[in-house]
Amino acid sequence: MRIALLTVLALTLSGCATVQRYDAANDVHALLVSIRDNDRRAFDAHVDRPALKRQIESRLLAETRQAEARDGLAALSILLSPVVADVAGELLVQPRVFRAVADYYGYGPDTPIPSALVIGAQLKPAGEGRVCATRSKDGPCLLTFTQTSGTWRLSGFEGDLSMLRTKR
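About the criteria used
Every residue gets a number counted from 1 within its own chain, in the order that chain's sequence is written. Thresholds applied to this predicted model are a pLDDT of at least 70 for local features of residues and 80 or more for the giving and counting of side-chain atom pairs; totals over whole chains, interfaces and linings are not thresholded and use all residues. Derived side-chain values reflect all non-hydrogen atoms in the structure, with water molecules and hydrogen atoms excluded from consideration. Working definition: a ring pair exists when centres of Phe, Tyr or Trp rings (six-membered ring for Trp) sit within 6.5 Å. Plane angles under 30 degrees give stacked, over 60 give edge-to-face, the rest tilted. Runs of E in the DSSP output that reach at least two residues are strands. Runs of H or I that reach at least four are helices, and both are numbered from the N terminus. Here the term buried applies to any residue with accessible area under 20% of the maximum for its type, exposed to any over 50%, and partly exposed to those in between, with areas from a 1.4 Å probe on protein chains only. Here, a strand pair is defined by DSSP locating no fewer than two bridges between the strands. Whenever a helix is involved, its axis is fitted only over the stretch in contact; in every case the axis is a line through C-alpha atoms, and angles between N-to-C directions fall within 0 to 180 degrees. Whenever a pair of cysteine sulfur atoms sits within 2.5 Å, that pair is classed as a disulfide. Any carboxyl oxygen of Asp or Glu within 4 Å of a side-chain nitrogen of Lys or Arg constitutes a salt bridge here.

Trainee: Quick rundown of the packing of aromatic side chains? Include the residues and the values.
Mentor: Here the structure, examined in full by the defined rule, presents two aromatic pairs. Ring geometry for Phe43 versus Phe98: centroids 6.0 Å apart, planes at 45°, classification tilted. Here Phe98 lies in the loop between α4 (74–92) and α5 (99–104) and Phe43 lies in helix α2 (residues 40–45), a separation of 55 residues in the sequence. Look at Phe43 and you get buried, because its relative accessible area is 0%. Ring centres 5.9 Å apart and planes at 85° place the aromatic pair Phe98 and Phe157 in the edge-to-face group. With Phe98 in the loop between α4 and α5 and Phe157 in strand β4 (residues 151–157), this pair connects stretches of sequence that are 59 residues apart. Judged by its relative accessible area of 0%, Phe157 is buried.

Trainee: For the environment of Leu61, give the residues involved together with the corresponding values.
Mentor: With respect to the helices and strands, the residue Leu61 is situated in helix α3 (residues 49–71). Separated by 25 residues in sequence, Leu61 and Asp86 have C-alpha atoms that sit 9.7 Å apart.

Trainee: Tell me about the sheet that holds strand β1 (residues 123–125), and name the residues and values.
Mentor: The strands making up a sheet associate through hydrogen bonds between their backbones, and the pairing can be parallel or antiparallel. Pairing within the open sheet is antiparallel, and its four strands lie in the order β1-β2-β3-β4. Of all the strands in the sheet, just β1 and β4 have a single pairing partner and so form its edges. Averaged over all pairs of adjacent strands, the angle between their axes in this sheet comes to 35°, without regard to strand direction. Pairing between strand β2 (residues 130–134) and strand β3 (residues 141–148): five bridges, direction antiparallel. Its bridge partner being in β3, Thr134 is matched across the sheet by Cys141.

Trainee: Outline the state of the cysteines, listing residues and values.
Mentor: A complete count under the given rule lists one disulfide for this structure. Covalently, Cys132 is tied to Cys141 through a disulfide, its sulfur atoms 2.0 Å apart. Linking Cys132 and Cys141, the disulfide has an S-S dihedral of approximately -45° and is accordingly described as left-handed. The buried category is assigned to Cys132, whose relative accessible area is 0%.

Trainee: Give a description of the pairing of β2 that names residues and reports values.
Mentor: With four of five residues buried, β2 lies mostly within the body of the structure. With three bridges joining them, β1 and β2 adopt antiparallel strand pairing. The residue bridging Leu123 from the neighbouring strand is Ala133, located in β2. Between the end of β1 and the start of β2, which pair antiparallel, lie four residues, with Gly127 showing a positive phi angle near 105°. Where β2 folds back onto β3 in an antiparallel hairpin, the turn is made up of six residues.

Trainee: Explain the pattern of salt bridges to me, and be specific about the residues and the numbers.
Mentor: Tallied over the entire structure, the rule returns four salt bridges. Its salt-bridge partner being Arg40, residue Asp44 comes within 3.5 Å of it at the nearest N-O pair. Taken together, the residues Asp44 and Arg40, both in helix α2 and four residues apart, mark about one turn of the helix. Judged by relative accessible area, Arg40 falls into the partly exposed class, the value being 37%.

Shown next, in the form of structure tokens:
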């Protein structure tokens, strides 16, 4: 009896994770289309701009502090880094910047975007109310999506910051 109960519980929990991935897939598909089409309005509808901007800013500040420790420009960069990170965060959260990320995943301008079913199979659960996209099945998360107000929005970027370029 105990084994049957544990099996049912395990299947229920894994089913929730599967449903969550496929639920998110439609919004991830819409985000990819907005990036491909450079559609700012659709992009903004599928991005948690404040969360993503904060996350990118904190990574920029951390990298700046590491460079400060190596290069000795601590005083000046400590004063400037929050301002620069704020401006950079604002500039980097736009569809044309995330085109390099889409290219990394294999979605170039001429590549058809896969269906939501295919995208759902590539997403993996990343904690409560979150899923992430990886390049390979067992690879690290690169993009994190969080469900807010019924829509899955891009809320985190764990890739190399050099992928985010404003000029294309």
